[in-house]
Amino acid sequence: MQNAAAAMAAAAARPAAMAAAAGSSDYYARLLQLCQTAANPSAGRAIHAHAIKAGLLVSTYLCNNLLSYYAGAGVRGGSFRDVWRLFEEIPAARRNVFTWNTLLSMYAKSGRLADARAVFAEMPERDAVSWTIMVVGLNRAGRFWEAVKTFLNMVGEGLTPTQFTLTNVLSSCAATEASGIGRKVHSFVVKLGLSSYVPVANSVLNMYGKFGDAETAKAVFDRMPVRSLSSWNSMVSLYARQGRMDLAVSMFENMEERSIVSWNAVIAGYNQNGLDGTALKFFSRMLSDSSMEPDIFTATSVLSSCANLRMLKMGKQMHSYILRVGMPYSGQSQMTNALISMYAKSGSVETARKIMDQAVISDLNVISFTALLEGYVKLGDMKQAREIFDVMKNRDVIAWTAMIVGYQQNGQNDEAMELFRSMIKSGPDPNNYTLAAILSACASLACLDYGKQIHCKAIRSLQEQSVSVSNAIITMYARSGNVTLARRVFDRICWRKETVTWTSMIVSLAQHGLGEEAVGLFEEMVRVGVKPDRITYIGVFSACTHAGFVDKGKAYYEQMRNEHGITPEMSHYACMVDLLARAGLLTEAQEFIQQMHVAPDAIVWGSLLSACRVQKNADLAELAAEKLLSIDPDNGGAYSALANVYSACGRWNDAARIWKVRKDKAVKKETGFSWTHLHNKVHVFGADDVQHPQRDAIYKKAAEMWEEIKKAGFVPDLNSVLHDVDDELKEELLSRHSEKLAIAFGLISTPEKTTLRIMKNLRVCNDCHMAIKFISKVVEREIIVRDATRFHHFRDGFCSCKDYW
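Taking an unreviewed UniProt entry as the reference, the chain is identified by name as DYW domain-containing protein belonging to Urochloa decumbens.

Put into structure tokens, the structure is as follows:
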């Protein structure tokens, strides 16, 4: 190459001698060709100048070589204007198809397709090369359909495509998944006898791989007389993409030679088909059994598997390797996204955030953003999660759903509903996971009217058929106080009920005090062959507890263990203790606790303690409270419950002592509050609430209501006030309990005869329970109260719980 450059320099210095020695333009043409090979633009321009002086530009051959030289320089960054000027200087009579093809190729290779089309349209004559240049240029520019159409026009002109034409049009057919045309092109390949030409055969193989037609691809592969490494890799990749990992690995094992592409195809196949553990084992085999070094694609698949398996340690090792070998990832969006997802899903959210902050936002995809968002959601950091959500572009339904689910799971149901409304206005259509989450938020807030709207949307979008959505609808209606609608939905989906569906309905009936119906539904469930699970039995035990079905509860407990092989868990033990204690069988409940195979937790002792108030058993209450506080010293409910027992027994000094102990230890009592949902807004009330904008009207209505029910025969339960104050102040405090204020607000805010739905975070007290029975009769309304354990349907002076709660 150095000798050629020296010769060119010498020729440029001695034009007269050179012209005499060559005697023709051929020598100049060969020198120009050397200039292109040696990438020596200055020498080429010198040769051009000497050719002009020698009067040799009359040669079409030399002119074409000059044009080819300048066209090549133009593609490498030279002047397109110089090429066009030279083309214009060539007399039309001396321009042949090669001349035009040279200009056409320059524009096509540089991606200037508009100029290429203009030249192609102006050409007086086109050959197979002309058409091939256009097919190749369009294919490389991603204009696949245009490439295919150009090829069809070429064949229509009666021209025979070259091997290069065919490889490019097959690539375009693969990219557009134009299977019909692709198969015709394959037939054309066979007709031309090019099936044995490896590049063409590989293009055919790759095309069928993109079509997902493994059978035809395998037939092409089997007929290939000579197979390249690319041929084998195409088959391995095809089987891996289809999830046929046994065939992919079998093909891999039969390869005589492998490249990093071969290993990557199998690793990615395992990863993309949910076999992440196997993907990592195969990666370890690559490191130990081959000399291959992981590349960006290997690292991305490995990081994805580490993310799915929450394998932070191995993910960090992969990240360290990337940094150690200097593998570039700052400009590789796929790698950056994989790192963010791995750290976020593995619990190292702050590291994921640092990588995101260092990256170019446009390089990040919705998957990495969503992984980071979900990482913050798991930590309960909804502020950071929302920041990530707000900077996301092109948010898909998964991202919206992740944010809505995050709000719902962290108790921010108002925010979940507000975001869902925004999604309906400007986001993608919600999927079944979105609807299930927002229905759960509606259930928590008892937003019956809005829940009905979501139900209608689920019906219109056919997503009511989803098990998760239909179960969420049942729960929404039940927790919003309308168990009738919940049962109606349950009955309509009888053809596809699963265990969780039956369980949802059984729990709903139990919570509404319909113990007999709940038990009957459980018996039907077993009869039709649906197997109950551990949660089903919690529901049926709850039904027996609320209905007082002690014997049935005991029988189901034995059935759970002996017939269905379910080992009792703490939640089952707690249900049984609650069942026995509520029925007044405190001694039996205590003996049951002593026979448990695990140490009782706070819930078990809490159930026993709560029952002691009804039975006025202070001695057992003291034992239960002592055990409960030894497990959870900051349990304010334990102090309250024990004080309640003392108060019920008339032991006021002991009750005061307990309150003092709690105060001295600075143990906070859980604040009681109630809420109701009216006009798409949640209204929250605390005891003696002063925050509501309609405070004066609410207090006025509460006072009127209090006097009316007293006239109707209601006697306030002053024992429900645990403070040492006079009776008049006790009455005032009782009249302003949060649920009474919520009812007063409902009465002044809704038409007559409207059902009121009130939610409370704690159990309703004795006084409120009795008062609401009288209120329902006086105002002639149904009042549904959902407290911490169940629903109370008050109507005409009676409660659905039959005063057993």
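### Looking at the UniProt feature "repeat: PPR" (unreviewed entry) in the chain
UniProt records the feature "repeat: PPR" (unreviewed entry) at residues 96-130, 228-262, 365-395, 396-430 and 498-532, using the numbering of this structure. In the segment residues 96-130, helix accounts for 74% and strand for 0%; the C-alpha atoms at its two ends are 12 Å apart. Each end of residues 396-430 is marked by a C-alpha atom, and these two atoms are 10 Å apart; helix forms 77% of the span and strand 0%.

### A word on the sheet that holds strand β1 (residues 673-678)
Through backbone hydrogen bonds, the strands of a sheet pair up, either in parallel or in antiparallel fashion. Spatially, β2-β1-β3-β4-β5-β6 is the arrangement adopted by the six strands of the open sheet, whose pairing is mixed. Of all the strands in the sheet, just β2 (681-686) and β6 (798-799) have a single pairing partner and so form its edges. When strand β5 (residues 791-795) meets β6, the two strands line up antiparallel, connected through two bridges. Paired with Arg795 across the two strands is Phe798, which belongs to β6.

### Some details on the environment of Gln242
The topology assignment puts Gln242 in the loop between α15 (229-241) and α16 (245-253). Taking relative accessible area as the criterion, Gln242 reaches 32% and is therefore assigned partly exposed. Spatially, the C-alpha atom of Gln242 lies 8.6 Å from that of Ala214, the residues being 28 residues apart in sequence. With residues up to four places along the chain from it excluded, the contact list for Gln242 reads Gly212, Asp213 and Ala214.

### Concerning the environment of His683
Relative to the helices and strands, His683 is located in strand β2. Sequence separation between His683 and Phe745 is 62 residues, and the spatial gap between their C-alpha atoms is 8.9 Å. Side chain to side chain, His683 and His692 meet in a polar contact 3.1 Å long.

### Concerning the confidence of the model for the chain
Predicted confidence across the chain gives a mean pLDDT of 84, with 87% of residues reaching 70 or more. Ranking the elements of the chain by mean pLDDT puts helix α2 (residues 15-22) last, at 41, and helix α34 (residues 550-562) first, at 95.

### Concerning the pairing of β5
Moving residue by residue along a regular strand, the side chains alternate between the two faces of the sheet. Burial runs high along β5: four of the five residues are buried. In terms of strand pairing, strand β4 (residues 783-786) meets β5 through four bridges, oriented antiparallel. Across the sheet, residue Val785 finds its bridge partner in β5, namely His792. Linkage of β4 to β5, two consecutive antiparallel strands, is achieved through a turn of four residues. Where β5 hands over to β6, the hairpin turn is made up of two residues, of which Asp796 adopts a positive phi near 55°.

Definitions and limits used
Residues numbered from 1 in each chain as written. Predicted model: local features only at pLDDT ≥ 70, side-chain atom pairs only at ≥ 80, totals over all residues. Heavy atoms only, no water. UniProt positions renumbered as here; feature names shortened; annotations may be inferred. Helix = DSSP H or I, 4+ residues; strand = E, 2+ residues; numbered from the N terminus. Pairing = 2+ DSSP bridges. Buried < 20%, exposed > 50% of the residue type's maximum accessible area, 1.4 Å probe, protein only. Contact = heavy atoms within 4.5 Å. Polar contact = N/O pair within 3.5 Å; in protein donor to acceptor, adjacent residues only side chain to side chain. pLDDT = per-residue confidence, 0-100.

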